[in-house]
Amino acid sequence: MTEETKPTAGADTPPDHLSVNPRSKHFDADVLQRGIGIRFKDRVRNDIEEYSISEGWVRVQAGKTVDRKGQPLTIKLNGPVEAWFEDLGENPPIAKAE
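Residues numbered from 1 in each chain as written. Predicted model: local features only at pLDDT ≥ 70, side-chain atom pairs only at ≥ 80, totals over all residues. Heavy atoms only, no water.

A. Layout of the confidence of the model for the protein. Chain-level statistics for the protein give a pLDDT mean of 86 and a share of 90% at 70 or above. The secondary-structure element of the protein with the lowest mean pLDDT is strand β8 (residues 95-96), recorded at 84, while strand β1 (residues 17-19) shows the highest, at 96. A low-confidence stretch, residues 1-9 stays under pLDDT 50, and its non-local contacts, those more than four residues away or across chains, total 22 contacts. (pLDDT = per-residue confidence, 0-100. Helix = DSSP H or I, 4+ residues; strand = E, 2+ residues; numbered from the N terminus. Contact = heavy atoms within 4.5 Å.)

B. View of the packing of aromatic side chains. According to the stated counting rule, one finds zero aromatic pairs in the structure shown. Note that R59 overlies the ring of W57, its terminal NZ or CZ placed 5.6 Å from the centroid. One cation-aromatic arrangement involves K76 over W57; the distance from NZ or CZ to the ring centre is 4.8 Å. (Phe/Tyr/Trp six-rings, centres within 6.5 Å; stacked < 30°, edge-to-face > 60°. Lys NZ or Arg CZ within 6 Å of the ring centre and 35° of its normal.)

C. Here's a closer look at the pattern of salt bridges. The full count for this structure, using the stated rule, is three salt bridges. A salt bridge links R34 to D87; the shortest N-O distance between them is 2.9 Å. With a gap of 53 residues between them, R34 in helix α1 (residues 29-34) and D87 in the loop between β7 (81-85) and β8 connect regions that are remote in the sequence. Judged by its relative accessible area of 44%, D87 falls in the partly exposed class. (Salt bridge = Lys/Arg side-chain N within 4 Å of Asp/Glu carboxyl O. Buried < 20%, exposed > 50% of the residue type's maximum accessible area, 1.4 Å probe, protein only.)

D. Examining the side chain of H17 more closely. Topologically, H17 is positioned in strand β1. By relative accessible area, which is 10% here, H17 ends up buried. Only 2.7 Å separates the side chain of H17 from the side chain of E50, close enough to count as a polar contact. (Polar contact = N/O pair within 3.5 Å; in protein donor to acceptor, adjacent residues only side chain to side chain.)

E. Representation of the sheet that holds strand β3 (residues 43-45) in the model. On the basis of which strands lie adjacent, the open sheet formed by four strands has the order β3-β2-β7-β8 and antiparallel pairing. Lying at the two open borders of the sheet, with one neighbouring strand each, are β3 and β8. Strand direction decides the pairing type here: strand β2 (residues 36-40) and β3, joined by three bridges, are antiparallel. Counted as the bridge partner of I38 is R45 from β3. (Pairing = 2+ DSSP bridges.)

F. Quick look at the nonpolar core. I36, I38, Y51 and V81 are the most contacted members of the largest nonpolar core, which has 14 residues in total. Not counting residues within four places of it along the chain, the set of residues in contact with I36 comprises P14, L18, V31, Y51, A83, W84, F85 and E86. (Core = buried A, V, L, I, M, F, W, Y, C linked by side-chain atoms within 4.5 Å.)

G. Expanded view of the side chain of D16. Inspection of the secondary structure assignment puts D16 in the segment before β1. For D16, the side chain forms a polar contact with the main-chain nitrogen of S54, separated by 2.7 Å.

Following this line, the structure appears as structure tokens:
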């Protein structure tokens, strides 16, 4: 786990920056296994490829388009991001920008 992917406020909040792509330096399989909930612009999203809470952006897949290496093309959307672990049940601690 790198310094950038360490949890922001303890073991019960997700890291500030996380990716589902195993090629990314922000990928962490152990964290992803717990299940991450993402709220972007006051809407819960299930299609997030990567996020950064402190920088206020998410990456989502741009349709079914892929690059020449077969990886999905993504677009970066800016806005408020909140994340939580889904395995903590109702009212889990939420990581969000201060």
